[in-house]
Protein chains: 2
Amino acid sequence: MTASRLVIIGGSDAGISAALRARELDPAVDVTVLVADAYPNFSICGLPYLLGGDVPDWRSLAHRGMEELRAAGMELLLEHTACAIQPDSKSVVMTDATGREAELVYDRLIIATGATPVLPPIEGLHLPAVRVLHTMQDAFSVREMIEDRGAESVLVVGAGYVGLEMVEAFVSRGLDVTVVEQFDEILPTVDPELGGLLRTEITNHGVDVVTGARVESIEQKGRALVVRGTSGLERTVDLVLVVVGVKPDTDLAFGAGAKLGIKGAIEVDRRMRTSLPDVFAAGDCAETYHRILHGPTYLPLGTTAHKQGRVAGENAVGGGKAFEGSLGTQVVKVFELAAARTGFRDAEAEAAGFDPLTVRTRAFDHKAYYPNAHELDIRITGDRMTGRLLGVQIVGHREGQVAKRIDIPAIALAVKATVERLSTFDLSYTPPFGSPWDAVQVAAQDWTRKRDASLVGA
Amino acid sequence: MTASRLVIIGGSDAGISAALRARELDPAVDVTVLVADAYPNFSICGLPYLLGGDVPDWRSLAHRGMEELRAAGMELLLEHTACAIQPDSKSVVMTDATGREAELVYDRLIIATGATPVLPPIEGLHLPAVRVLHTMQDAFSVREMIEDRGAESVLVVGAGYVGLEMVEAFVSRGLDVTVVEQFDEILPTVDPELGGLLRTEITNHGVDVVTGARVESIEQKGRALVVRGTSGLERTVDLVLVVVGVKPDTDLAFGAGAKLGIKGAIEVDRRMRTSLPDVFAAGDCAETYHRILHGPTYLPLGTTAHKQGRVAGENAVGGGKAFEGSLGTQVVKVFELAAARTGFRDAEAEAAGFDPLTVRTRAFDHKAYYPNAHELDIRITGDRMTGRLLGVQIVGHREGQVAKRIDIPAIALAVKATVERLSTFDLSYTPPFGSPWDAVQVAAQDWTRKRDASLVGA
């Protein structure tokens, strides 16, 4: 019997996770990973830190080196582009760096093609000093703009996670930075009250923040770019970075006849199976099962890509694992602050049929008497009638353990806990690191009080 | 109808939590709290930081001020000592600071008398320069020894949580510090491999560490104390601090006929009811329900005291809440390190009837390419056959979010998760604060691999 052949298209988080898991469970499986560029298993989330100077050497962004990946038993075809999937002959048509075409036969296929940057309808996006940030090559281009072409000012379109990370990176590099967000507040994935705290933080670092404005055109004027938009927006800068989100890269899958689902992502079941036989998908190209919705959504996050890849890899070698689902748990560092969320905010909860109540609480990250205590801003969203926890958002000092503190409600959400149940968990405490009731528990008790009061009033 | 009278003996964590919760739920209840000293609701866990100088003013150790407590509607009788509980007449006999006796009638009573320091069988414990650390007054005495009597060297008996915190405090004060632990490694509440990391840390700070030795005698010699013990131990110091743990303070309860349970703590059910009618107990004087054991244990911790007090307060005004239970989750800061645990270690798991396997993993607190990444030492204990998670221990840098990271398995334990399930939780990630798989998830995957290998080998 020949060993079964697993082909994986994509060498980023989902693809490599899948390859590693498949090889771990079945050392006889033949795993080939097609990597479009020369950078398999690189931490794309690390690009802002490379550009900001925190990471001096781009090579250190690799989650694992080539040797480690090869030692795990996978074959990596670098700079190989998959051109077509042929489900009937169970093969993938690909070209190598020289353009030579070849076919690769699979028994099982995992599509992990990731996402591509969304390009908003702005005139002048083709100009050479207008950049996106999604690949290692993009990062090198941006770095070249600063280091070799001497860009001294930049306008960042989009104040989401990556936008804010890049704002910080550019400030670290000494550039004059403007950021433009079409919504009324920055980081629109959290409530505006929290986004406002981040706005203060970046404004204090000298950043020119423009919200409620849409960039409409970019025009070359000598060596500079003139950026114009709604609400009278006009700025002249050396560089424009467009980071307004991503969309699933599904050309291959669609071309092969795979069904697409929510937001155009590849439709998958919880076993990460597509509609094509023996073809799985994972990561930013695919839908993700949402733990509260009990249905598909699109949440392109590295954590999810790793988990989905692991499930796809397991199932591609005969496993029967179900992906447990996402909650959109995420965190971002913005200068001295950290902002995190998990689960639903008010509007999302309402859309899902809940009767949400969101309560804001401020509580210290550790006992106030111990040096360097910082107040955290916590927003808990729960269902008014059932008391079920639906989501939490936290903004606080970067040393306030915000990232691991959001994990408390993230797990509580996974087990469908009520807000009140948060207070029953036996969490750790010592004055330098916490409080006898953790800040999240203080907020939970606050939510319950306000909920009770709102019911009495109703 | 007269308002019901709730009397609470004890003004520390459990007593005040109970009073606050009772008043919150029933604004008509008459709450009187007997406080033995003049320091209600003080953070006893903060004493080492007061003595080390991190907390300049002792007043700031109050969780809440007198005004706040009184505004919540409780009457505080300071420097009032409860002498006897009379269950038949439902009254408490007490004396005030002047020795005047009085009786206080209750409808419901909560005993929250806390614990008292264990005094090991050492000759010379009565000497004036031999101290314990359990009350504000104790802290003032120790401070006086240093500031007014010029103690320059100290020997700490016991290298548990408080012992290590005091070692750090004394080093901060510039004292020569020796610590003596009768077990073979310091912090014997974690595995010796982790205790060894802490030993290196305190040794690097100039502390003289003696393990596997028992102090037998302390002798006054001029202004100094000569401390002698097994294994040839002999040290001459100015001050000795004995911190080898606590035992439940149950004299009152026992005198009134309440049943005592495990380790002599007041027997309580999950509603915090003692064997006496209308008498509840909470905090360090009482047993605690263990979430894995499904039975009582004794774990005197501030977090537990707060939770039990809250339940007792709720039930004392007619509620029917069950205490959800403890896992012994705890964390301690030791210079630049943090050490945390939750749930069982090997021997405890075995005693509870499990077939435990403990696996050690080292994983970074955040992406290694981002500055100041530190490796965490993680030990996961799980049941070999069922894969059930039983406990986790972590030692790592104090900036490694160890305190909130141990909360991940603490919640997983509360929901009886398997080790494998840890990997399915949607935890937060950004390179400065974490990894796509959190360190705890990396350790969980490692555990599963080693478990599988051990089953194949079996």
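Quick notes on the rules
Residue numbers restart at each chain and count upward from 1, following the sequence in its written direction. Here chains are named by letter from A upward and ligands by number from 1 upward, in the order in which they appear as written. Residues qualify for local features only when their pLDDT is at least 70, as the model is predicted, and side-chain atom pairs are given and counted only at 80 or more; totals for whole chains, interfaces and linings, by contrast, use all residues. Hydrogen atoms and water are omitted, and side-chain values are computed over all heavy atoms in the structure. Only heavy atoms enter the contact rule, under which two residues are in contact if any of them lie within 4.5 Å. Take the accessible area each of two parts loses on contact, using a 1.4 Å probe, and add the two losses: that sum is the buried area. Each polar contact in these results corresponds to two N or O atoms within 3.5 Å; when the atoms are within protein, one needs to be able to donate a hydrogen and the other to accept it, and residues that are neighboring in sequence are counted only if both atoms are side-chain atoms. The way it works is that DSSP assigns letters per residue, a run of H or I at least four long becomes a helix, a run of E at least two long becomes a strand, and they are numbered from the N terminus. Each residue receives one of three labels: charged for Asp, Glu, Lys and Arg, nonpolar for Ala, Val, Leu, Ile, Met, Phe, Trp, Tyr, Cys and Pro, and polar for the others, Gly being one of them. Note on pairing: DSSP must find at least two bridges between two strands before they are called paired. Under this scheme, a helix contributes an axis fitted over its contacting stretch, all axes are lines through C-alpha atoms, and angles between N-to-C directions fall in the 0 to 180 degree range. By this rule the span expected of a helix is its residue count minus one, scaled by 1.5 Å. Partly exposed residues are those whose accessible area sits between 20% and 50% of the maximum for their type, while under 20% is buried and over 50% is exposed, using a 1.4 Å probe and protein chains only. By definition, any crossing whose near helix is turned counterclockwise from its far helix by less than a right angle is left-handed, and any crossing with a clockwise turn is right-handed. Here the copies are superposed with least squares, the fitted atoms being C-alpha atoms of residues at a pLDDT of at least 70 in both.

## Here's the deal with the interface of chain B and chain A
Phase 1 of the analysis: Counting residues at the interface gives 66 residues for chain B and 66 residues for chain A.
Phase 2 of the analysis: Surface buried jointly by chain B and chain A totals about 5,900 Å² across both partners, of which 60% is contributed by carbon and sulfur atoms.
Phase 3 of the analysis: A per-residue breakdown of the area chain B buries against chain A is headed by Tyr369, Lys404 and Asp426 of chain B, which together make up 14% of the total.
Phase 4 of the analysis: At the surface where chain B touches chain A, the tally comes to 32 residue pairs in polar contact (both at pLDDT 80 or more).
Phase 5 of the analysis: Counting residues per element, the ones that place at least two in the side of chain B that touches chain A are helix H1 (13-25), helix H8 (302-316), strand E21 (330-334), helix H10 (402-405), helix H11 (407-414) and helix H12 (439-457) of chain B.
Phase 6 of the analysis: Here the side of chain B that touches chain A takes five residues from H11 of chain B, the largest share from any one element.
Phase 7 of the analysis: Class assignment of the residues belonging to the side of chain B that touches chain A gives a composition of 27 nonpolar, 19 polar and 20 charged.

## Let's talk about the sheet that holds strand E2 (residues 30-34) of chain B
Residue and element names in this part refer to chain B.
Phase 1 of the analysis: The sheet built from five strands is open, its strands ordered E3-E2-E1-E7-E18 with parallel pairing. Strands with a single pairing partner mark the edges of an open sheet, and in this sheet they are strand E3 (74-77) and strand E18 (279-281). In this sheet, adjacent strand axes meet at a mean angle of 20° when their direction is disregarded.
Phase 2 of the analysis: Both E2 and E3 contribute to a ladder of four bridges, which runs parallel. If you follow Thr32 over to E3, its bridge partner there is Glu75.

## Description of H8 of chain B
Residues and elements named next belong to chain B.
Phase 1 of the analysis: Over its 15 residues, H8 runs 20 Å from end to end, which matches the ideal 21 Å to within 8%, given 1.5 Å per residue.
Phase 2 of the analysis: Counting buried positions over the 15 residues of H8 gives 15, a clear majority of the element.
Phase 3 of the analysis: Downstream of H8 by a residue or two, Gly318 has a phi angle that is positive, lying close to 105°.

## What to know about the environment of Ala224 of chain B
All names here are of chain B.
Phase 1 of the analysis: Mapping Ala224 onto the fold places it in strand E14 (residues 224-229).
Phase 2 of the analysis: Judged by its relative accessible area of 16%, Ala224 is buried.
Phase 3 of the analysis: Distance from Ala224 to Ser153, taken between C-alpha atoms, is 9.5 Å for residues 71 residues apart in sequence.

## Things to note about the packing of H1 of chain B against H8 of chain B
Residue and element names in this part refer to chain B.
Phase 1 of the analysis: Axis separation between H1 and H8 bottoms out at 7 Å; the angle between their running directions is 35°. Every pair of crossing elements has a handedness; the one defined by H1 and H8 is right-handed. Two secondary-structure elements touch here, H1 through Asp13, Ala14, Ser17, Ala18, Arg21, Ala22, Glu24 and Leu25 and H8 through Gly302, Ala305, His306, Gly309, Arg310, Gly313 and Glu314.
Phase 2 of the analysis: Of the residues assigned to the contact of H1 with H8, the class counts are five nonpolar, five polar and five charged.

## Concerning helix H6 (residues 192-204) of chain B
All names here are of chain B.
Phase 1 of the analysis: Between the first and last C-alpha of H6 there are 18 Å, a value that for 13 residues agrees with the 18 Å anticipated at 1.5 Å per step.
Phase 2 of the analysis: What H6 keeps buried is the set Leu194, Gly195, Gly196, Leu198, Glu201 and Ile202.
Phase 3 of the analysis: Looking one or two places after H6, you find Gly206, whose phi comes out positive at around 85°.

## Notes on the relation of the copies chain B and chain A
Phase 1 of the analysis: Superposition of chain B onto chain A requires a rotation of 180° combined with a translation of 0.0 Å along the rotation axis, giving an RMSD of 0.0 Å. Both copies are brought into coincidence by an operation consistent with a two-fold rotation axis.
Phase 2 of the analysis: Of the residues that chain B buries at the interface, 100% are likewise interface residues in chain A, meaning the two copies contact each other through the same surface.

## Let's talk about the sheet that holds strand E15 (residues 234-237) of chain A
Residues and elements named next belong to chain A.
Phase 1 of the analysis: Read across the open sheet, the three strands follow the order E13-E14-E15; overall the sheet is antiparallel. Two strands close off the open sheet at either side, each with one partner strand: strand E13 (215-221) and E15. Going from strand to strand, the sheet's axes swing by 20° on average, the running direction of each strand aside.
Phase 2 of the analysis: One ladder, built from six bridges, connects E13 with strand E14 (residues 224-229); its direction is antiparallel. Residue pairing in the sheet places Ser217 in a bridge with Arg228 of E14.

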